[in-house]
Amino acid sequence: MSLYRLIRSATEKKTILNGKAIHARVIVSGPGSDAQTCNHLLTMYSKLGYIEYAQKLFDRMPVRNLVTWTSLISAYSQMGLSDKALDCFRSMVLDGEITPNDYTYVAALSACAQLRALRIGKEMHARIYKMEEAVNSFVNNSLVNFYGKCGSLKSARLVFDTIPDPNTVSCVSLIVSYVQCGENEAALRVFLKSLKMGVKVNEFMYGSLLGACAALETLEVGRQVQCLALKSSVRMDHFVVTCLVNFYAKCGELDSASRALREAEKPNVTAWTALIGGFMHLGKCREAIDLFQEMLSDGLKPNEQTFASLLGAFSRDEGIQGGTQLHCLITKMGFQSFSFVSNSLLDYYAKINCLNESFRIFFEMDVHDTVSWNALIAGCVTSGCYESAVRLIQDMLLEGFSPDIYTYSSLLNICGDLPATEWGKQTHCCIMKPGLHSNVVVGSALVDMYAKCGRLNDARKTFDSLPRKNLVLWNAMIGGCAQHGFGTEALQIYDSMLRNGVKPNDVTFLAVLSSCGHVGALEEALHHLGSMTKDFGITPRVDHLACVVSLYARKGETKAAYDLVKNFPCAPNKVVWRCLLSGCVMNKDLDLAMLAAEQILMIDPNDTSAHVMLSNVYAGSNMWDEASMVRELMEVKIVKKETGCSWT
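Residues numbered from 1 in each chain as written. Predicted model: local features only at pLDDT ≥ 70, side-chain atom pairs only at ≥ 80, totals over all residues. Heavy atoms only, no water.

A. Examining the overall build of the protein more closely. A tally of regular secondary structure across the protein gives 38 helices and zero strands. The C-alpha radius of gyration of the protein comes to 32 Å, more than 25% above the 26 Å expected for a compact globule of 648 residues. Seen through its principal axes, the protein has C-alpha atoms that stretch 120 × 55 × 50 Å. For the protein, with 648 residues in total, the buried portion stands at 46%. At a minimum sequence separation of 6, the contacts of the protein that also span at least 24 residues come to 59%. (Helix = DSSP H or I, 4+ residues; strand = E, 2+ residues; numbered from the N terminus. Rg over C-alpha atoms; globule rule 2.2 N^0.38 Å. Buried < 20%, exposed > 50% of the residue type's maximum accessible area, 1.4 Å probe, protein only. Contact = heavy atoms within 4.5 Å.)

B. Representation of the side chain of Thr168. Turning to its location among the elements, Thr168 is positioned in helix 11 (residues 168–180). When sequence neighbours within four positions are dropped, the list of residues in contact with Thr168 reads Val199, Lys200, Asn202 and Met205.

C. Structural context of the packing of helix 15 (residues 238–250) against helix 16 (residues 254–263). Put simply, helix 15 and helix 16 touch, their axes get as near as 7 Å, and they point 165° apart. The angle between helix 15 and helix 16 falls in the class roughly antiparallel. Crossing handedness for the pair helix 15 and helix 16: left-handed. In contact with Val241, Leu244, Val245, Tyr248 and Ala249 of helix 15, helix 16 contributes Leu254, Ser256, Ala257, Ala260 and Leu261. Here the residues of the contact of helix 15 with helix 16 are counted per class, giving nine nonpolar, one polar and no charged. (Axes fitted to C-alpha atoms, helices over the stretch in contact; angles between N-to-C directions. Parallel < 35°, antiparallel > 145°, perpendicular 65-115°, else oblique. Left-handed = near helix turned anticlockwise from the far one by under 90°. Nonpolar A, V, L, I, M, F, W, Y, C, P; charged D, E, K, R; others polar.)

D. Examining unusual backbone geometry more closely. The peptide bond linking Leu418 to Pro419 adopts the cis configuration, its omega dihedral lying at -15°. Residue placement: Pro419 occurs in the loop between helix 25 (405–417) and helix 26 (421–432). Positive phi, close to 55°, is recorded for Arg116, a residue that is not glycine. Secondary-structure assignment places Arg116 in the loop between helix 7 (102–115) and helix 8 (118–131). Under the relative-accessibility criterion, Arg116 is labelled partly exposed at 47%. A positive phi angle, near 65°, is found at Asn353, a position not held by glycine.

E. Inspection of the environment of Val63 at higher detail. Looking at the element boundaries, Val63 is found in the loop between helix 4 (51–60) and helix 5 (66–78). Residue classification places Val63 among the exposed positions, given a relative accessible area of 52%. The spatial distance from the C-alpha of Val63 to the C-alpha of Ala35 is 6.2 Å, given a sequence separation of 28 residues.

F. View of the nonpolar core. In this structure, Met205, Tyr206 and Phe247 are the most contacted members of the largest nonpolar core, which totals 129 residues. In this view, Tyr206 contacts Val201, Val225, Gln226, Ala229, Val234, Met236, Val240 and Leu244; residues no more than four positions away in its chain are not counted. Core analysis: the next-biggest nonpolar cluster, separate from the first, contains 72 residues, Leu412, Ile493, Ala561 and Val565 among them. (Core = buried A, V, L, I, M, F, W, Y, C linked by side-chain atoms within 4.5 Å.)

G. Local environment of helix 13 (residues 203–216). The end-to-end C-alpha distance of helix 13 is 20 Å, a good match for the 20 Å that 14 residues give at a rise of 1.5 Å each. Among the 14 residues that make up helix 13, ten are buried, leaving the element largely enclosed by the rest of the structure. Residues of helix 13 that are buried sit in contact with helix 11, helix 12 (184–196), helix 14 (219–231) and helix 15. Phi turns positive, to about 55°, at Glu217, one or two residues after helix 13. (Expected span 1.5 Å × (residues − 1).)

H. The arrangement of the side chain of Thr242 in detail. Its place among the elements puts Thr242 in helix 15. Those residues within four positions of Thr242 in sequence are excluded, and the remaining contacts are Asn268, Thr270, Ala271 and Ala274.

I. Region of the structure containing the packing of aromatic side chains. One pass over the structure, following the stated rule, counts 20 aromatic pairs. Between Phe58 and Trp69, the ring centres sit 4.9 Å apart and the planes meet at 80°, which makes this aromatic pair edge-to-face. Highlighted residues: Phe58 in helix 4 and Trp69 in helix 5, separated in sequence by eleven residues. Accessibility expressed as a relative area gives 4% for Phe58, which makes it buried. With a relative accessible area of 5%, Trp69 lands in the buried category. Among the aromatic residues, those joined into a cluster by ring pairs are Phe359, Phe362, Phe363, Trp373 and Phe401. Stacked on the ring of Phe58, the Lys or Arg Arg64 has its end atom at 4.2 Å from the ring centre. Over the ring of Phe463 we find Lys469, and its NZ or CZ is 5.2 Å from the ring centre. (Phe/Tyr/Trp six-rings, centres within 6.5 Å; stacked < 30°, edge-to-face > 60°. Lys NZ or Arg CZ within 6 Å of the ring centre and 35° of its normal.)

Laid out in structure tokens, this is it:
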């Protein structure tokens, strides 16, 4: 058997001992080892994962050729050691004796893409343009991938447009680049262009397109892509199954997502995690936990993404117990060392008002990142611990971390809640300097802050200046107008939101119904309440009921308000009954007032306002004995009316 076949056999069988024995035989044979044999040995060590042996062999080689340099650069790049790959490429160029070829450039550009080293990659591109007469498809595809990974989409598109005959790899590289940068519509346009050029769909293109459709929530387009993939006989590997499950889940089609998972052959943990995340996204926390238990019973081991998604279920639904048990399972399986999981744990405890536990996890973490700081700061803001939040922001800056959009969002929440207008303005200036003011997350926080501080003109200016508006931003503007009594303006903004194709959620309707209350538009409020279920599939909450009941009561239609409460699918809370009671007191509806007061006292026997309002109803109807009885009952229960005060 020839020496080359022996080396290849050792590589295929992944036996390092045989490989070292062959290397020893080569050394014993004498110093005259040719470059070709050394190149084979170098490739063997690289493929077996012993890159340090490959480097030692490279250093001792008396003669190195183009294959030698390219093999080592490729090995470093494929193993994720991108810095060393670029150092090796730099040494090759400085050596000056050997000129890189297409394969060398592909390996070096891959390293630049991994490091997001835009400047180095541009220098390499300039060298290729200067030194090479023609650039083949491999190098062009690598350039498209490199610019896309670095977020330079314009350059990626320019390179793509220079390719005379783009192939599947070229199109996939550009589509993936657009999707990763959030330019999903542009990705779909490239896909349509590739179809006209006759480019075939493969699993990577299919998965990326499903990701774009999921982000845009374009169900019909995604289904058309799925049909095309089935006709093209695209292989349904784990990556494709996960993308398909994620697509249907993000579009709210949980039945289709579940079907895609269960019809797949042995779906992996990533697909299960995508489905769990889909149920979480739609607020179906209990179903997500049931899926997790089913996944465990199938013998699959959860990963860090699974735990991070599931922790959200325990923090969102107060009725679900078991977050601490999940924490124990995370510790037992050794996942707490992952900063991603530790950040989720920290966020979970902050959301259930266990800040001490959040701080404990934070200080036990070996490495903090911006997400860790942001989660703890947000927890302090949510709990009203503003001084602690400000100190954490100061510590974060002292540790050398730069604030991002979420840090600024928390800081703006503090300014709005206090309220502190001047702090808010200064924060706005800090946001303007790095150019973050056009980001929709920061923009929403700015609008909310200005609205809470009573500066609706500034809120509207900020709102109008943002090029893209998501649901949170629309809600902030509608809610701000509603909060300050500008009901007509709030309803106009809501109409504009619908015209822009943005679907409202339960928070939107709360602001809309509140706005109807400010302008006294009872019929419009009833229309919007019915529209929640009929047009958007949103189940009204008791908060929405309270808005309409309050509006009914202020219109003097207390009986209609009571009928609405009786027919409401959810059990009303004391806020709803108090709205009805206020209307009954104002309209002197004694019977309903007594009923509403009784309902409040059944929920909270020590509710002071219910006793006082019921006493006032009796007094207003000249039923002095009954009024006196309620007052005596308050004394027996030791229920005291809070003393009124005026803050100046």
